[in-house]
Protein chains: 2
Amino acid sequence: MNDIAALPDIAGSQPDEPKTLAEAAYRRLRRDIIEGIHPPGEKLRVEHLKDHYAVGAGTLREALQLLVTDALVVAQGQRGFRVAPISLDDFEDITRTRVLLETEALKQSIECGEDAWEANVVAAFHMLSRAETKLEEGNEGNREEWELRNQTFHEVLISASPSRWCRHFQNILYLQSERYRRLSLFRQPISRDVHSEHQAILDAVLARDVEAATSILTEHILRTLEAVRQIPSDVLS
Amino acid sequence: MNDIAALPDIAGSQPDEPKTLAEAAYRRLRRDIIEGIHPPGEKLRVEHLKDHYAVGAGTLREALQLLVTDALVVAQGQRGFRVAPISLDDFEDITRTRVLLETEALKQSIECGEDAWEANVVAAFHMLSRAETKLEEGNEGNREEWELRNQTFHEVLISASPSRWCRHFQNILYLQSERYRRLSLFRQPISRDVHSEHQAILDAVLARDVEAATSILTEHILRTLEAVRQIPSDVLS
DNA sequence: TCAATATATTTTCTCGAGATTTTAATTTAG
DNA sequence: CTAAATTAAAATCTCGAGAAAATATATTGA
């Protein structure tokens, strides 16, 4: 047996297969909403969607309820479901709340993290760096991979925090911000600043410098806000 | 028309009638879980519950999914639903995360709140004080009312915060902590300290003193943690 | 007696059809 | 021609029955 197998899963981590049809439909729907296939504000008619996702009406209904949990879908009394709308104000709110939670979680992580956590951070950073290299070589097909590894890097950073609630809320907010980032990425490719910021966070983490790590992370997150501000308001529908 | 009618609803506020059977069942189930009728860890069999709550199987299923949103119920793959377990560690986490979010929201509220917000805070405090007076007179039947007004007071305090996400997460955490508080209240009745703390928060808010208000609120919330620590561990099952 | 396999029961999960409610279209009155 | 009211269409919500899975029980062999 390899030692690395004892560590929490980072690399080949599919967050365990969906064990129910409802959950499978939930994941596909979530992906389609985040990617903008179902635009913000669109009405989600059960009858039209059940055949496309190849499940029964009640099953699709459950999937929609799960999406309400993530606030990607809003349920309106007796008037069905709708993709959650987006706005600049909302994204500002998401970003600031995310800073609040993620810096706190990172602080706890640095204070509580053991060697294995450091190793995971280094590993996740490495995976992310490789994806960035591929992207710089012009292979746009790896963008999906970069997204995933970026998310993993941020998750691993706070994974040593004992606060399950901070992590839970952070996950929700990350999904939300991912929606906005998809929109901004079309006009603003991943800059080298992003990579150097990730590097700086890694360095601060390994130096166990809470102050530096949190302030860099804050700047890093707020930068995304600036990117979204560049989007013409008509795209936000 | 009375001026007070223009203000957001405080007094006679039922959070708008449930418009669907699923939501009605959801609310009753939520109440029963918080009150401990369904103890932590209990298996929630759909077949047994559908007749008690007088709804169909699919409908009750939806209600359970909604409860997963509030993390009061956990869904386990293909093995049904279960009341979320409780633990002292979990409550510590809940409390600390709540402090983080609620102090931030209160700070924003004080900075952004207008006259109408102040009026709402004063009104909610008054409602709460009256309920406390009734309780001191020995009428235990008003405990339910006090719970509701205490929640309303805390909600109104942060209602002027522009951060919908902070308020959303705070609502979830409040429901969670209410579960634990129900357990502690049996052996520790509402002390006069609680009332004086509410008074102190009100004073600080009216003085627009962010520093004082947030520190008192922090102490206030952490005090509940101490109360729960007094519970024998066997009650936590 | 214990372990492993096989059977039986229970429970969850899924589907399609019917009842209510909402939304859109049409008609009618002013 | 506008606005309210009536009618028609669509969609949501709800229910009960059947299929798949998991748990519990019983049986068999060592």
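Residues numbered from 1 in each chain as written. Chains lettered and ligands numbered in written order. Predicted model: local features only at pLDDT ≥ 70, side-chain atom pairs only at ≥ 80, totals over all residues. Heavy atoms only, no water.

The name given to chain A in an unreviewed UniProt entry is GntR family transcriptional regulator, with Zoogloea ramigera as the source organism.

Visitor: For this particular structure, what's the right way to read the relation of the copies chain A and chain B?
Guide: Related by rotation about an axis and a shift along that axis, the two copies of the chain form a pair. Mapping chain A onto chain B calls for a screw motion: a turn of 180° about the axis and a shift of 0.0 Å along it, with 0.0 Å RMSD after fitting. With respect to symmetry, the two chain copies, as superposed, fit the operation of a two-fold axis. Nearest to the rotation axis, the C-alpha of T69 of chain A is located 2.4 Å from it, this being the minimum over chain A. Mapped onto chain B, 100% of the interface residues of chain A are again interface residues, and the two copies thus contact each other with one and the same surface. (Least-squares fit on C-alpha atoms with pLDDT ≥ 70 in both. Contact = heavy atoms within 4.5 Å.)

Visitor: Explanation requested: the protein's contact with DNA strand D in the structure shown.
Guide: Around DNA strand D, 19 residues are found, and the nearest of them are R61 and G77 of chain A together with T20, L21 and G56 of chain B. Protein-proximal atoms of DNA strand D, defined as those within 4 Å of the protein, fall in sugar or phosphate at a share of 94%. In this structure, T20 of chain B approaches DNA strand D through a side-chain N or O atom, which is 2.9 Å from a phosphate oxygen. Of all the secondary structure elements, the ones that give two or more residues to the surface near DNA strand D are β1 (43-44) and α2 (46-52) of chain A together with α1 (21-34) of chain B. It is α2 of chain A that contributes the most residues to the surface near DNA strand D, three residues altogether. Its residues placed into classes, the surface near DNA strand D shows six nonpolar, eight polar and five charged. (Near = heavy atom within 4 Å. Polar contact = N/O pair within 3.5 Å; in protein donor to acceptor, adjacent residues only side chain to side chain. Helix = DSSP H or I, 4+ residues; strand = E, 2+ residues; numbered from the N terminus. Nonpolar A, V, L, I, M, F, W, Y, C, P; charged D, E, K, R; others polar.)

Visitor: Can you walk me through the interface of chain A and chain B in this structure?
Guide: The extent of an interface is frequently quoted as the accessible surface area lost upon association of the parts. Counting residues at the interface gives 25 residues for chain A, matched by 25 residues for chain B. Buried surface at the junction of chain A and chain B, both sides included, amounts to about 2400 Å², of which 61% is carbon and sulfur. Between the two partners, chain A and chain B, sit four salt bridges. A salt bridge links E62 of chain B to R61 of chain A; the nearest nitrogen and oxygen atoms lie 2.3 Å apart. Where chain A packs against chain B, one counts 19 residue pairs in polar contact (both at pLDDT 80 or more). Taken together, the residues of the side of chain A that touches chain B break down into 11 nonpolar, seven polar and seven charged. (Buried area = accessible area lost by both parts, 1.4 Å probe. Salt bridge = Lys/Arg side-chain N within 4 Å of Asp/Glu carboxyl O.)

Visitor: Is there a simple way to think about the side chain of Q170 of chain B in this case?
Guide: All names here are of chain B. You can see Q170 is positioned in helix α7 (residues 164-185). Here the side chain of Q170 touches E102 through a polar contact of 2.9 Å, side chain to side chain. With near-sequence residues (within four places) excluded, Q170 lies in contact with R98, L101, E102 and I158.

Visitor: Explain the protein's contact with DNA strand C to me, please; I cannot follow it from the model alone.
Guide: Taken together, 19 residues sit near DNA strand C, with L21, G56 and R79 of chain A together with R61 and G77 of chain B positioned nearest. Restricting attention to atoms of DNA strand C within 4 Å of the protein, one finds that 94% of them are sugar or phosphate atoms. At 2.7 Å, a backbone N or O of G56 of chain A approaches a phosphate oxygen of DNA strand C. Separating a phosphate oxygen of DNA strand C from a side-chain N or O atom of R61 of chain B is a distance of 2.6 Å. Secondary-structure elements contributing two or more residues to the surface near DNA strand C are α1 (21-34) of chain A together with β1 (43-44) and α2 (46-52) of chain B. A per-element tally of the surface near DNA strand C places α2 of chain B first, with three residues. Here the residues of the surface near DNA strand C sort into six nonpolar, eight polar and five charged.

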